[in-house]
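# A structural walkthrough
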Amino acid sequence: MDRKKRMNIFLRRVLPPVAIILVAIVVVGVLFATKKTPPQKPEEVPVPVVDVLTVKPQTISLALSSYGTVNPKYKTQLVSEVKGRIVTIAPSFVAGGMVKAGDELAVIEPFDYQADLRQAEATLAQNKAALDEELARGKVAKVDFSGFKGVPPELGLRVPQLKEAQANVKYAEAALDRAKRNLERTVIRAPFDGLVRSRSVDLGQYVSVGNQLGELYDTAIAEVRLPLANKDLAYLESIDHPYTEVTLSTQLGGKTINWRATVVRSEGVIDPDNRMVYLVAEVKDPYLRQYREPGQLPLKFGSFVDASIQGRSVDDVVKLPSHLVRNNQVAVIGTDSKVEMRKVNVVRTDLDSVYIKDSLKDGERVSLTSLNHMSTGQLVKVAGQDKGSSHTPQDAQDDQRLANAGDR
């Protein structure tokens with residue numbers, strides 16, 4: 001009886017769970033056995049979009065960039081040539097004052113020099129009277145020796161006395177000229193049209209010969225020394241006598257102001273400190289004292305300016321932004337939208353541009369978009385490309401997948 005009871009308990013409690021587990025295992029096995037593999041879609045490779053620039057070779061005047069500080073061509077230290085006390089100072093004789101050639105800047109007390117002038121005039125008059133007297137005596141001596149047989153002595157004819165009187169007159173004339181010059185030197189005048197850089201004397205101050213009175217800058221011509229690498233001189237039209245136009249520029253009030261200049265000479269030596277050759281450019285009338293156009297600003301001494309020097313013209317040159325050229329290569333986009341990393345001949349570079357010759361043809365397209373790891377043969381899409389083009393983006397994707405499969 002116990003056995004039968006145990007059997008009933010087994011059939012009711014143990015067998016059903018075991019049967020369920022077995023059925024579940026069978027069902028899972030059947031499902032795995034009949035599972036279908038989902039269709040594989042090809043991996044899509046995105047085609048990058050780039051902007052392009054259509055190049056056109058042209059004749060370009062290669063500009064040379066430089067810089068420099070504006071200085072006067074002539075500047076002079078005004079010094080005293082006579083001694084005395086300063087009795088007058090002109091209002092324009094101050095730092096920053098504008099003066100013209102011949103303007104009176106200061107006056108040294110002239111009374112002693114006026115007295116010296118009168119004394120020199122009196123001495124000259126006295127010596128001239130002595131000369132006239134000696135000439136008369138010589139005539140009398142000739143009459144006295146008219147009946148003398150033989151050669152009359154020079155002393156008797158008063159020849160030495162006459163020469164001495166003539167020498168005294170010349171000496172007195174020289175002394176008079178010196179007195180006049182010293183009197184003129186009591187007035188300090190501007191030697192040229194200029195700008196007073198500084199003044200070193202004041203009213204009532206006593207000055208000696210050689211004392212510095214002030215410094216004057218000539219405003220007729222300004223000079224700018226422009227450093228250039230020695231190799232860049234080849235781009236000038238002429239090296240020995242350049243006479244090349246230069247555009248000087250600087251920022252004033254948020255605006256770029258330009259001035260015209262001319263290269264007049266090269267200093268002809270390489271600076272051992274920076275290995276540069278210096279060209280000298282001149283600007284006429286930098287302070288616009290002769291003529292001034294509306295809105296034109298003066299070019300002040302001491303200004304730091306950038307310079308663009310006109311170079312020689314070169315034919316069939318392509319100008320590109322400097323960031324497009326890396327390791328002397330540019331990305332050329334062909335008609336099939338494939339990239340060609342082309343080696344180019346760079347003839348000159350400046351801060352913003354690169355000049356290329358004999359490397360790009362008229363109408364070729366250069367990528368303006370910089371892509372990472374851009375390589376020859378890579379497919380791209382040109383921004384704004386005609387939708388009706390025979391080479392569609394889907395075709396490009398298919399070609400790219402084929403290229404990837406071939407690489408694998």
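Residues numbered from 1 in each chain as written. Predicted model: local features only at pLDDT ≥ 70, side-chain atom pairs only at ≥ 80, totals over all residues. Heavy atoms only, no water.

## Thoughts on the overall build of the protein
Helix and strand content of the protein: four helices and 22 strands. Relative to its 408 residues, the protein shows a buried fraction of 31%. Summarising the internal contacts of the protein: among those between residues at least 6 apart in sequence, 73% fall at separations of at least 24. (Helix = DSSP H or I, 4+ residues; strand = E, 2+ residues; numbered from the N terminus. Buried < 20%, exposed > 50% of the residue type's maximum accessible area, 1.4 Å probe, protein only. Contact = heavy atoms within 4.5 Å.)

## Considerations on the sheet that holds strand β10 (residues 206-207)
Taking strand neighbours across the sheet as the criterion, the four strands line up as β8-β7-β5-β10 in an open arrangement whose pairing is antiparallel. Among the strands making up the open sheet, the edge pair consists of β8 (187-189) and β10. Bridge count for strand β7 (residues 104-108) against β8 is three bridges, and the pairing is antiparallel. For Ala106, the partnering residue across the bridge sits in β8 and is Ile188. (Pairing = 2+ DSSP bridges.)

## A word on the packing of aromatic side chains
Counted by the stated rule, this structure contains three aromatic pairs. Plain terms: the ring middles of Tyr217 and Phe301 are 5.7 Å apart, the flat faces sit at 75 degrees to each other, and that makes the pair edge-to-face. A residue pair is termed long-range when its members are at least 10 positions apart, and Tyr217 in strand β11 (residues 212-218) and Phe301 in the loop between β15 (276-284) and β16 (304-321) qualify at 84 residues. Across this residue pair, the class does not change: Tyr217 and Phe301 are buried. (Phe/Tyr/Trp six-rings, centres within 6.5 Å; stacked < 30°, edge-to-face > 60°.)

## A word on the confidence of the model for the protein
This prediction gives the protein a mean pLDDT of 83; 82% of its residues lie at or above 70. Segment residues 387-408: pLDDT under 50, and 21 contacts once partners within four positions in sequence are set aside and those in other chains are kept. (pLDDT = per-residue confidence, 0-100.)

## Here's the deal with the environment of Val318
The residue Val318 is located in strand β16 in this model. With relative accessibility at 3%, the residue Val318 sits in the buried group. Separated by 38 residues in sequence, Val318 and Ile356 place their C-alpha atoms 5.1 Å apart. Setting aside its immediate chain neighbours within four residues, Val318 contacts Val55, Lys56, Pro57, Val354, Tyr355, Ile356 and Leu360.

## Focus: the pattern of salt bridges
Counted according to the given criterion, the structure contains ten salt bridges. For the salt bridge of Arg225 with Glu267, the shortest nitrogen-to-oxygen distance reads 2.8 Å. Highlighted residues: Arg225 in strand β12 (residues 221-229) and Glu267 in strand β14 (residues 255-270), separated in sequence by 42 residues. Note on Arg225: relative accessible area 40%, which makes it partly exposed. With its nearest N and O atoms 2.6 Å apart, the salt bridge here joins Glu245 to Arg260. Here Glu245, found in strand β13 (residues 245-252), pairs with Arg260, found in strand β14; they are 15 residues apart in sequence, far enough to count as distant. Looking at Glu245, the relative accessible area reads 43%, which means it is partly exposed. Classification of Arg260 as exposed rests on a relative accessible area of 52%. (Salt bridge = Lys/Arg side-chain N within 4 Å of Asp/Glu carboxyl O.)

## Re the sheet that holds strand β17 (residues 329-333)
The antiparallel open sheet is built from four strands, whose spatial order is β2-β21-β17-β18. On the outer flanks of this sheet lie β2 (52-54) and β18 (339-343), each paired with one strand and no other. Averaged over all neighbouring strand pairs, the angle between strand axes comes to 40 degrees, with direction disregarded. Pairing analysis gives five bridges linking β17 to β18, with the strands arranged antiparallel. Across the sheet, the residue bridging to Ile333 is Val339, located in β18. (Axes fitted to C-alpha atoms, helices over the stretch in contact; angles between N-to-C directions.)

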